[in-house]
Amino acid sequence: ASGGQRLLWQVALEGELAFPVEAVGDDKVDGSTRALVTQQRESLRAKVLNKALTLHPDQTARPVWAFPQFDKMSCAWLLATPSPDTFMSAPVFREAMATHLLLPSPCCQNLVGKPTGYRNTMVDVFGDNVMCATLPFDTWRSRHNDVQRGLVARANDARVEVEAEVFGLFRDIIPSAVLVEGGGLHTVRQRSGCIPDLRLGFQVSLRDRRPDYIPRRGRPPGNPGDQADPLPSPRPAQRLAQGPTTRYLAELKCINAGPSRYPRGEANSRDKQVDRRARALPAEYKGKLAPIDQQYYQTAPGVTGPLVQRLESLGELLCFVVGALSEVSGRTLSDNQAGLILSQHRRRLSCLFTRSAASCLLSRVGHLGEGAKECAARRRVAMAEEERTRKEAEAFYAAHVRGRGRWAGL
């Protein structure tokens, strides 16, 4: 090999392939060197791309801050085979592929520059303002509920105990005087303190594997004549007895590509934004309960009150965050926890996250403008009239029952 080739080999390869040119391959003849070269090439390509994005003159460009967000979950839907769980209609697939390739949204092209109807924002080419604007018709909740139902279904498939919308965790320690109609807490969620999205129960420990853990032996080599190197025999490990179920509260959040969640051109623009959002969730839970402690239990600021103590006694809060590119927070992909829930379902979940985000954008495009606001106002009037009619019917029925009992003995 020439001097230039030798230098290129020494610069490009490291780790398991860090050998001189004369000893390249480490005398392997089973074809495993090809896999090592491919891995090293892809790793080098990723380093070059990351370096190019770091030095890009426009740090607010979409690829600069969006490419570092991709993970296994955001790309797994590309490998999914057609099935009822992975199905995508043509408009949804176009939006999903445009989002994955960081291209302009097809459904927003005819609306670019038009007002969204929220804080003087305009429709942009990628649809970020449309996804972040407060619009009528609860599309955010629809996306959240779609993802939640999918997680519950996958947990049921994995035989994991799961409960959605956990009500009543703090209701017994909230003063009863404020729970009645007209009390200090007006809505159902306020009277419950906070309502976690999920409660998961595991019968095995969620601790990390031991440092000396040895996995099971894989399948035999492809050629019958080849003999694989013997693996060390696994040590007899003491299996933990499946005792009582340990339950964890879990919170699910779906975030969009707004400047507050995905900063552009800042020092932390290339950080994993779903992890940043997940780290903030435990403090938000305590922030919902601390004012109730301070108002009704006269707890001093900074002192743990009864509701916060109850929250801390329930254990660690599992935070599941789905991003704008269908990426997920790190704890969702961890081996020791997500392996029990996700297991073989990463492609299904990736399709679910991608489909729900694209469907949400397509729905919100139809809710732009003053016409949608007027339609939502008419819907609120109709719902209020329906509620008034229901209460009136209940009052007449109660009066009828009381009157019948009063005159029954005459």
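Residues numbered from 1 in each chain as written. Predicted model: local features only at pLDDT ≥ 70, side-chain atom pairs only at ≥ 80, totals over all residues. Heavy atoms only, no water.

Colleague: Got a minute to help me understand the overall build of the protein chain in this structure?
Modeller: Secondary structure assignment for the protein chain yields 13 helices and 4 strands. Evaluated residue by residue, the protein chain yields a buried proportion of 33% over its 410 residues. By sequence separation, contacts in the protein chain at least 24 residues apart represent 68% of the contacts at least 6 residues apart. Of the roughly 25500 Å² of accessible surface on the protein chain, a fraction of 55% belongs to carbon and sulfur atoms. (Helix = DSSP H or I, 4+ residues; strand = E, 2+ residues; numbered from the N terminus. Buried < 20%, exposed > 50% of the residue type's maximum accessible area, 1.4 Å probe, protein only. Contact = heavy atoms within 4.5 Å. Areas by Shrake-Rupley, 256 points an atom, 1.4 Å probe, with all protein chains shown as cover.)

Colleague: Quick question: what am I supposed to make of the packing of helix H7 (residues 139-157) against helix H12 (residues 346-365) here?
Modeller: Where H7 meets H12, the axes come as close as 9 Å, and the angle between the chain directions of the two elements is 165°. Taken together, the axis directions place H7 and H12 in an arrangement best described as roughly antiparallel. Crossing handedness for the pair H7 and H12: right-handed. Side by side, H7 and H12 meet where Thr139, Trp140, Arg143, Asp146, Val147, Gly150, Leu151, Arg154 and Asp157 of the first sit next to Arg348, Leu349, Leu352, Phe353, Ser356, Ala357, Cys360, Ser363 and Arg364 of the second. The residue inventory of the contact of H7 with H12, partitioned by class, reads 8 nonpolar, 4 polar and 6 charged. (Axes fitted to C-alpha atoms, helices over the stretch in contact; angles between N-to-C directions. Parallel < 35°, antiparallel > 145°, perpendicular 65-115°, else oblique. Left-handed = near helix turned anticlockwise from the far one by under 90°. Nonpolar A, V, L, I, M, F, W, Y, C, P; charged D, E, K, R; others polar.)

Colleague: I'm lost on helix H2 (residues 32-54) in this one. Help?
Modeller: Each α-helix turn comprises 3.6 residues. Residues three or four places apart therefore point the same way. Taking 1.5 Å per residue, 23 residues should reach 33 Å; H2 reaches 33 Å between its end C-alpha atoms and fits that length. Among all positions in H2, only Thr33, Leu36, Gln40 and Leu53 are buried. (Expected span 1.5 Å × (residues − 1).)

Colleague: Honestly, the side chain of Asp293 in this entry has me stumped. Any pointers?
Modeller: With respect to the element layout, Asp293 can be found in helix H9 (residues 273-296). Setting aside residues up to four positions removed in sequence, Asp293 forms contacts with Gln298, Thr299, Gly305, Pro306, Leu307 and Val308.

Colleague: Even after reading the chapter, I still don't get the environment of Trp65, so can you show me in this structure?
Modeller: Within the element layout of this structure, Trp65 appears in helix H3 (residues 62-66). Given the relative accessible area of 3%, Trp65 is considered buried. Residue contacts for Trp65: discarding those within four places in its chain leaves Thr60, Ala257, Tyr262, Pro263, Arg264 and Ser269.

Colleague: Honestly, the confidence of the model for the protein chain in this entry has me stumped. Any pointers?
Modeller: Interpretation of this model should avoid reading the predicted coordinates in detail wherever pLDDT is low. Mean pLDDT over the protein chain works out to 79, with 74% of the residues at or above the 70 mark. The least confident element of the protein chain, judged by mean pLDDT, is helix H11 (residues 335-341) at 47; the most confident is helix H5 (residues 90-100) at 95. Predicted confidence for residues 333-338 stays below pLDDT 50, and this span has 16 contacts to residues more than four positions away or in other chains. (pLDDT = per-residue confidence, 0-100.)

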